[in-house]
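Understanding the architecture of this molecule
Chain residues, written in single-letter form:
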Amino acid sequence: MSGLLIILFGKTRKVSDLISKFDKEYICEMQLHDFVSESKIIEVFNKFIGDIYQKPPLRAAVKKSPRIRRIYSIEVLDIVKRNILFKAKVQAGTYIRKLCFDIGEILGCGAHMTELRRTKIGPFSEDDERVATLHELVGAYKEWKNNKNEKYLRAFTLPIEELLDFLPKIYIKDTAIFSITHGSYVAAPGVIAATNDLKMNSYVTINTERNEIIAIGISTVDLSKLQKMDKGMVAKIDKVISFTQTAGSGI
Amino acid sequence: MRSLIYREKGYKLRLLNKPLVKREILEHLNLSFCLLDKPRGPTSHEVAAWIKKIFEIPTAHSGTLDNTGEIPLCQVYL
């Protein structure tokens, strides 16, 4: 109900499907509908670690058929009478309200979620000093609009490169920028280097020498093959992010 | 640890998670995201719509935070 939310501006919206797959971490408070012993509660909570079947709630954006979601960890922090505070690290697409309901069913007494806070999305945590409240964000924007001071706005808005840092990167030459942003695939002669986490058939970011992302691609080779190539396709382009690069546009 | 594997020799790149060139503020905004501490009350969709209205640029959010009483939309376009 409160907590971390990633807001995407402008062209960054194009990658929303990639980052919605991030794992999430929550702190949640639930209330049982009857008194249950502490040992029984801990025992049932531990049963929920691992893969679980979950049917999305009636009001959800996805198909309402049971699906498997992984609970990486779930830890009871405090129990006061019928209220339980717990922390859970879950796969994307896990409904915590539903998880609380299901725990109540297994306990036999029923339960519901009373409070939820998201503390982590993928690599980003709520402890990050760049996390902004709505007031801070609007304040920073007004400061730029009215007083032409970009400092605060830049402090709260982070570049897309940081968001997609988890993907393998392919670095290309400036001479290849134009053709890639205009529909061509990534060809070996235009590639300078790649990060060592590059695998075949996975999402990659296509970066310039100055580390600006110009596109999202899907790799068609792995590292060992890339090193031997001097022609041919290295990656298909999935989405073009930026046409207007600050540098490298004078081709 | 992540490292760079070169296809061609003679290049030297730096591994950074930020672009080397500082973008103009408008270009930067259009290629940026923010980590928001969503308050209780408004839905994720409402928050994204408010920010879109104030910032006057298209805005979306990723990952609806609890769906009670809202019909979640993933993206909001102008």
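Residues numbered from 1 in each chain as written. Chains lettered and ligands numbered in written order. Predicted model: local features only at pLDDT ≥ 70, side-chain atom pairs only at ≥ 80, totals over all residues.

**Quick look at the overall build of chain B**
Across its full length, chain B carries two helices and three strands. Across chain B, helices and strands are ordered from the amino to the carboxyl terminus as β-α-β-α-β. Buried positions account for 33% of the 78 residues belonging to chain B. Contacts spanning at least 24 positions in sequence make up 29% of the contacts within chain B whose residues lie at least 6 apart. (Helix = DSSP H or I, 4+ residues; strand = E, 2+ residues; numbered from the N terminus. Buried ≥ 20, exposed ≤ 12 C-beta atoms within 10 Å, placed from the backbone. Contact = placed C-beta atoms within 7 Å.)

**Comments concerning the sheet that holds strand 1 (residues 4–6) of chain B**
With respect to topology, seven strands assemble into an open sheet ordered 11(A)-15(A)-14(A)-13(A)-10(A)-12(A)-1(B), the strand pairing being mixed. One side of each edge strand has no neighbouring strand; the edge strands of this open sheet are strand 11 (186–187) of chain A together with strand 1 of chain B. Of the pairings in the sheet, the one linking strand 12 (residues 191–195) of chain A to strand 1 of chain B comprises three bridges and is antiparallel in character. Across the sheet, A:Ala194 pairs through a bridge with B:Ile5, a residue of strand 1 of chain B. Set on the sheet, helix 7 (residues 174–181) of chain A makes contact with strand 10 (169–172), strand 11, strand 13 (203–207), strand 14 (213–219) and strand 15 (233–240) of chain A; between it and strand 14 of chain A the angle comes to about 75°. (Pairing = 2+ DSSP bridges. Axes fitted to C-alpha atoms, helices over the stretch in contact; angles between N-to-C directions.)

**Structural notes on the interface of chain B and chain A**
Facing the 52 residues of chain B at the interface are 66 residues of chain A. Of all the elements in the fold, those that place two or more residues in the side of chain B that touches chain A are strand 1, helix 1 (25–30), strand 2 (32–38), helix 2 (44–55) and strand 3 (59–62) of chain B. Looking at the side of chain B that touches chain A, the element that brings in the most residues is strand 2 of chain B, giving seven residues. Among the residues making up the side of chain B that touches chain A, the classes are represented as 29 nonpolar, 13 polar and ten charged. Here four bridges tie strand 1 (residues 2–9) of chain A to strand 3 of chain B, and the two strands are oriented antiparallel to one another. Bridged to A:Phe9 within strand 3 of chain B is B:Thr59. (Nonpolar A, V, L, I, M, F, W, Y, C, P; charged D, E, K, R; others polar.)

**What to know about helix 7 of chain A**
Residues and elements named next belong to chain A. Of the positions making up helix 7, those classed as buried are Ala176, Ile177 and Ile180. Summarising the axial view, the buried residues of helix 7 lie within an arc of 120°, below the 170-degree limit, and thus occupy one face. Residues of helix 7 that are buried make contact with strand 10, strand 11, strand 13, strand 14 and strand 15. Residue Gly183 follows helix 7 closely and has a positive phi angle near 110°. (Arc of directions from axis to C-beta.)

**Here we look at the packing of helix 2 (residues 38–47) of chain A against helix 3 (residues 96–107) of chain A**
All names here are of chain A. Between helix 2 and helix 3, the shortest axis-to-axis distance is 10 Å and the interhelical angle comes to 125°. Our classification of the angle between helix 2 and helix 3 gives oblique. The element helix 2 and its partner helix 3 pack so that their crossing is right-handed. Here Lys40, Ile41, Val44, Phe45 and Lys47 of helix 2 come into contact with helix 3, specifically with Ile103, Ile106 and Leu107. Each residue belonging to the contact of helix 2 with helix 3 can be placed in one class, and the counts come to six nonpolar, no polar and two charged. (Parallel < 35°, antiparallel > 145°, perpendicular 65-115°, else oblique. Left-handed = near helix turned anticlockwise from the far one by under 90°.)

**Focus: the confidence of the model for chain B**
Residue and element names in this part refer to chain B. Taken over all residues, the pLDDT of chain B has a mean of 77, while the share at 70 or more is 82%. Taken element by element, the predicted model of chain B shows its lowest mean pLDDT in strand 3 (78) and its highest in strand 2 (91). When the criterion is pLDDT under 50, residues 69–78 qualifies, and its contacts beyond four places in sequence or with other chains add up to 21 contacts. Predicted as a complex, the structure gets a pTM of 0.84 and an ipTM equal to 0.83. (pLDDT = per-residue confidence, 0-100.)

**A few points about unusual backbone geometry**
Residue and element names in this part refer to chain A. Although it is not a glycine, Lys148 adopts a positive phi angle of roughly 55°. Tracing the backbone through its elements, the reader meets Lys148 in the loop between helix 4 (134–147) and helix 5 (151–156). Here Lys148 falls in the exposed class, since 8 other C-beta atoms lie within 10 Å of it. At Asn201, a position not held by glycine, the phi torsion is positive, near 60°. Its location among the elements puts Asn201 in the loop between strand 12 and strand 13. Classification of Asn201 as exposed rests on a count of 11 C-beta atoms within 10 Å.

**Quick look at the confidence of the model for chain A**
Residues at a pLDDT of 70 or more form 96% of chain A, whose mean pLDDT is 89. Within the model, the stretch residues 247–251 of chain A combines pLDDT values under 50 with nine contacts to residues more than four positions away or in other chains.

**Here we look at the pairing of strand 2 (residues 24–32) of chain A**
Residues and elements named next belong to chain A. Here eight bridges tie strand 2 to strand 5 (residues 83–90), and the two strands are oriented antiparallel to one another. Within strand 5, the position partnered with Glu25 by the bridge is Lys89. Examined bridge by bridge, strand 2 and strand 6 (residues 111–121) share nine bridges and lie antiparallel to one another. Within strand 6, the position partnered with Glu29 by the bridge is Glu115.

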